[in-house]
Amino acid sequence: MSAPWLMLLATLLFATMGVCVKLASAHYSAAEIVLYRSLVGALFLAGVVAVRGGSLRTAVPGMHFWRSLTGVCSLVLWFYAIGALPLATAITLNYMSSVWMALFLLGGAVLFGAARVDGRLIAAVLTGFAGVALVLQPTLERDQALGAAAGLASGLCAAMAYLQVTALGRAGEPEYRVVFYFSLGGTVAGALLTLATGVHAHTPAGLGLLLATGVLATVAQVLMTRAYAIGRPLANASLQYLGIVFSFVFGVLLFDDPVTAMALAGMALIIVAGVAASVLRQRSAAVRPDATSSTLET
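Our subject in this report is the structure included herewith. (Residues numbered from 1 in each chain as written. Predicted model: local features only at pLDDT ≥ 70, side-chain atom pairs only at ≥ 80, totals over all residues. Heavy atoms only, no water.)

1. Section: the packing of aromatic side chains
Here comes step 1: A complete count under the given rule lists 4 aromatic pairs for this structure.
Here comes step 2: Arranged with centres 5.9 Å apart and planes meeting at 35°, the rings of Trp-78 and Phe-79 form a pair that is tilted. Both residues of the pair, Trp-78 and Phe-79, count as buried.
Here comes step 3: Sitting above the plane of the Phe-255 ring, Lys-22 keeps its charged end 5.7 Å from the centroid.
Here comes step 4: Sitting above the plane of the Phe-182 ring, Arg-67 keeps its charged end 4.3 Å from the centroid. (Phe/Tyr/Trp six-rings, centres within 6.5 Å; stacked < 30°, edge-to-face > 60°. Buried < 20%, exposed > 50% of the residue type's maximum accessible area, 1.4 Å probe, protein only. Lys NZ or Arg CZ within 6 Å of the ring centre and 35° of its normal.)

2. Details of the pattern of salt bridges
Where side chains of opposite charge bring their charged atoms close, a pairing between them can arise.
Here comes step 1: Enumeration according to the criterion identifies 1 salt bridge in this entry.
Here comes step 2: Where Glu-173 meets Arg-177, a salt bridge forms, and the shortest distance between an N and an O atom there is 2.9 Å. Comparing Glu-173 with Arg-177, the two get one shared label, buried. (Salt bridge = Lys/Arg side-chain N within 4 Å of Asp/Glu carboxyl O.)

3. Looking at the layout of surface pockets
Here comes step 1: Size it by volume and the second largest pocket reaches roughly 440 Å³.
Here comes step 2: Along its surface, the second largest pocket is lined by 14 residues, and Leu-45, Val-48, Arg-52, Tyr-176 and Val-222 are the ones closest to its centre.
Here comes step 3: Residue assignment for the lining of the second largest pocket shows that the elements contributing at least two residues are helix 2 (30-52), helix 8 (175-197) and helix 9 (204-230).
Here comes step 4: A per-element tally of the lining of the second largest pocket places helix 9 first, with 6 residues.
Here comes step 5: Among the residues making up the lining of the second largest pocket, the classes are represented as 7 nonpolar, 4 polar and 3 charged. (1 Å grid on protein atoms, 1.4 Å probe; cavity = no way out; pocket = protein on both sides within 12 Å on 5 of 7 lines; lining within 4 Å. Points joined across faces, edges and corners; volume = space filled by probe spheres on them. Helix = DSSP H or I, 4+ residues; strand = E, 2+ residues; numbered from the N terminus. Nonpolar A, V, L, I, M, F, W, Y, C, P; charged D, E, K, R; others polar.)

This is the structure in structure tokens:
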């Protein structure tokens, strides 16, 4: 399959995973969902590596630790947000990671005394946050404020995780190893959090949702990684935002999520801001080889 079709399928699978997470949230805590999602991913990748004769040995365990820490924090917060918010709102807030990364670039430019701060990045950041305001204002209830904060924080942690992924790529770590240790870290963290928060009894429906979450996330992650390996980064980054569209449709059809003009306008602004931030980061990378780019789902 070509890269655009791989990205299209990956975003559809990620949105479907979001549906499973939201349904599973009625039976399990976010920690439990992270545990089983990560365990399925770790076992799957370990099996693939064993069959293909690869190696999971790494010379940079510390870098994997920090990548796993930021990625797992993002995942826990995101899954909590999916359970607490309308599906499209939670997905949209997590996709703010590109805007957060643009803000990181601006902060670095100011901190290190760059001669000129790119006004286009400032515009992208402001557009993204304007979109957040529009998305949250019409859809949030009083008891959803914590979910909104978790969704925003998940996007911030995802941006930090992407920086770690970039650093691991520069260190020569293959994608499968990065994803495996992220899944392993999620399994350990999910297990510890589950012990602290308590374990819920399983039902056939609950187990099916947990298994579906892990399989969908792992397959989608593999497809997206392949798409970034063979396709154009900017085209892939743009197509990735189709996940918001798929999630919006699922939310309306399956969960009776509200449809408002302000929410739709906010989602559009976040998509525009995210694509613009990706374009500007890519252009910056052409000038500075150490610039960051994201190629993996959190």
